[in-house]
Structures are given as C-alpha cells and as structure tokens.
Amino acid sequence: LFPYTPLFRSTPASLVLQLPVTLVSARVLHVLVAMSITGALGVMMLLSRRIIGAPTWLVYVGILVAVLARPTEVAVFFGAQSGIIALLLVLGWQSTRHRDKWIGGVAVGLAAALKLFPALLVLVFLRHRRYKAAAALIATVAGLNVLGMKVFGLGIAEAKGAADEAVAQWLPFDFNAS
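Only a predicted model underlies this, so the values are computations on that prediction, with no experimental measurement involved.

## Some points on the packing of aromatic side chains
Argument step 1. Per the counting criterion, the structure on display carries 0 aromatic pairs.
Argument step 2. Across from the ring centre of tryptophan 93, 5.1 Å away, lies the NZ or CZ of arginine 130, which sits over that ring.

## So, unusual backbone geometry
Argument step 1. Positive phi outside glycine occurs at arginine 129, with the angle close to 55°.
Argument step 2. Along the chain, arginine 129 turns up in the loop between helix H7 (121-127) and helix H8 (131-152).
Argument step 3. When its relative accessible area of 65% is taken as the criterion, arginine 129 is described as exposed.

## Structural notes on the nonpolar core
Argument step 1. Ile85, Leu88, Leu89, Val108, Ala111, Phe125 and Leu137 are the most contacted members of the largest nonpolar core, which totals 14 residues.
Argument step 2. Secondary-structure elements contributing two or more residues to this core are helix H5 (82-98), helix H6 (101-114), H7 and H8.
Argument step 3. If you look at the next biggest cluster of nonpolar residues, it comprises 13 residues, including Val33, Leu41, Met44 and Ala75.

## Quick word on the packing of helix H2 (residues 26-52) against H5
Argument step 1. Between H2 and H5, whose axes approach to 8 Å, the crossing angle comes to 25°. Considering the angle they form, H2 stands roughly parallel to H5. Crossing hand, H2 versus H5: left-handed. Each of Ser36, Ile37, Ala40, Val43, Met44, Leu47, Ser48, Arg50 and Ile51 in H2 lies in contact with H5, whose residues at this interface are Gly83, Ile84, Ala86, Leu87, Val90, Leu91, Trp93, Gln94 and Arg97.

## So, the side chain of serine 95
Argument step 1. With respect to the element layout, serine 95 can be found in helix H5.
Argument step 2. Among residues more than four places away in sequence, those in contact with serine 95 are Asp100, Lys101, Ile103 and Gly104.

## A few points about the confidence of the model for the protein chain
Argument step 1. Averaged over the protein chain, the pLDDT score is 79; the fraction of residues at 70 or greater is 88%.
Argument step 2. Contacts from residues 1-8, a stretch scored under 50 in pLDDT, to residues over four places away or in other chains number 14 contacts.

Criteria and thresholds
- Residues numbered from 1 in each chain as written.
- Predicted model: local features only at pLDDT ≥ 70, side-chain atom pairs only at ≥ 80, totals over all residues.
- Heavy atoms only, no water.
- Phe/Tyr/Trp six-rings, centres within 6.5 Å; stacked < 30°, edge-to-face > 60°.
- Lys NZ or Arg CZ within 6 Å of the ring centre and 35° of its normal.
- Helix = DSSP H or I, 4+ residues; strand = E, 2+ residues; numbered from the N terminus.
- Buried < 20%, exposed > 50% of the residue type's maximum accessible area, 1.4 Å probe, protein only.
- Core = buried A, V, L, I, M, F, W, Y, C linked by side-chain atoms within 4.5 Å.
- Axes fitted to C-alpha atoms, helices over the stretch in contact; angles between N-to-C directions.
- Parallel < 35°, antiparallel > 145°, perpendicular 65-115°, else oblique.
- Left-handed = near helix turned anticlockwise from the far one by under 90°.
- Contact = heavy atoms within 4.5 Å.
- pLDDT = per-residue confidence, 0-100.

This is the structure:
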C-alpha cells in the first residue's frame, strides 16, 4: 500500500493519518515535511506566547533557534511528525483552557494517534476535570484505530503487536527525540 517500506511499524490510527502521503513522491513529501515542521514550530511558538505571555520578539528568536536546532534538522531528515505533534498538543492545550474542550481533546487525540505518549494527557484532563476533553481524546484515538484496523484488515492482537513493535524499535534508536 505504501510506496516505501516503513522504517518502523505504526499503530493502525497512525497509518490512517499517514495514508495521504502515499499520493505524493518521496521528493515532494520531503519538502512538505520540512515545510510542515517549520510552520508547526512557528504556529506552536506563537500560540505558546499566549499561554506564557512572552514578548513577541522573544517568540521570533525562539522560532529561529528551533528551526536551526539539531532536533529539527533530524526531524526533517527522517520525516518525523514531531512538529505536527507539538502543534496539535499546543492547540489542544489552548483549546481546553480557553475554548471548546471537545476540540482540544480531538487535537490531543490526533497527536496520540500519531505517537502514543500524548495519550497520557488524558490523566491531566481528568485531574483538572476536563471530562469532555478526556472523552474526545479517547474517542479520537479509539475511532482512528478501529478505522485503521478495518482499512488494513487487522485484528486486535495484530494491532497491539504493531504498536508494541513500534515502541520496541523506536526506543533504542539514537535519534529518538521523544
């Protein structure tokens, strides 16, 4: 299904979210990844400014440093989703604090579908009694995984095995910036 052999196995939800990349060439995909990571870093920092109240000039310096940093270079080189995940986490946090709890939960749920660790934020949502956000997070991750299982014809044991294998392969990797 994918035009390349994935370096690491993924959860069914992550594969569903990555299906659109099968429509473009590797060269175009690399440019899109670089642009999305850079854009996500910028938007994330601008949103963070609202959360921490930093002056605008400091945010621009932060964006420049983040774009030039080694982890960003590695993320672009390997086509990592780190910038998108960070953006989704900041959008989720911002939404649950100021706006719609459902949207915030869905944003964090999308991040958790791409990489498992954001799912731990369900505990923070529950602790702060943001039950709608917690429910939206769980529903997003569960719904995307069920959809992925249907699309790829996986059973529960196969999906769990893929997630376990992804974690086992990624944890010892030298460039793991999680």
